[in-house]
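Here is what each chain is made of, one letter per residue.
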Amino acid sequence: MPVPKQKQGRIRTHNRRSANMKIDAPSRSTCPRCGAVKLPHHVCPNCGFYKDREVIVTE
């Protein structure tokens, strides 16, 4: 079995692990009905429509 010649430092280990932990901002889309910015596959918080149907009654 191969054995490492030297112990890897804490910073080197954390840098390697943290490279995979970066979180991207959630993607945004525009509502085709009112043009507001919303999350994809979610009800529009501005007009309450989803897939050309009114799901939430808004005023």
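Here, every reference points to the structure presented above.
Fair warning: this is a prediction, and the values are worked out from it, not measured in the lab.

A. How the structure looks around the nonpolar core. With five residues, the main nonpolar core is built from Cys31, Ala36, Cys44, Cys47 and Phe49. In this view, Cys44 contacts Cys31, Cys34, Ala36, Lys38 and Phe49; residues no more than four positions away in its chain are not counted.

B. Focus on unusual backbone geometry. Look at Lys51: it is not a glycine, yet its phi comes out positive at around 55°. Looking at where Lys51 falls in the secondary structure, it is placed in the loop between strand E3 (49-50) and strand E4 (53-54). Residue classification places Lys51 among the exposed positions, given a relative accessible area of 64%. One non-glycine residue, Asp52, lies in positive phi territory at about 60°. Within the fold, Asp52 resides in the loop between E3 and E4.

Reading guide: rules and limits
Residues numbered from 1 in each chain as written. Predicted model: local features only at pLDDT ≥ 70, side-chain atom pairs only at ≥ 80, totals over all residues. Heavy atoms only, no water. Core = buried A, V, L, I, M, F, W, Y, C linked by side-chain atoms within 4.5 Å. Buried < 20%, exposed > 50% of the residue type's maximum accessible area, 1.4 Å probe, protein only. Contact = heavy atoms within 4.5 Å. Helix = DSSP H or I, 4+ residues; strand = E, 2+ residues; numbered from the N terminus.

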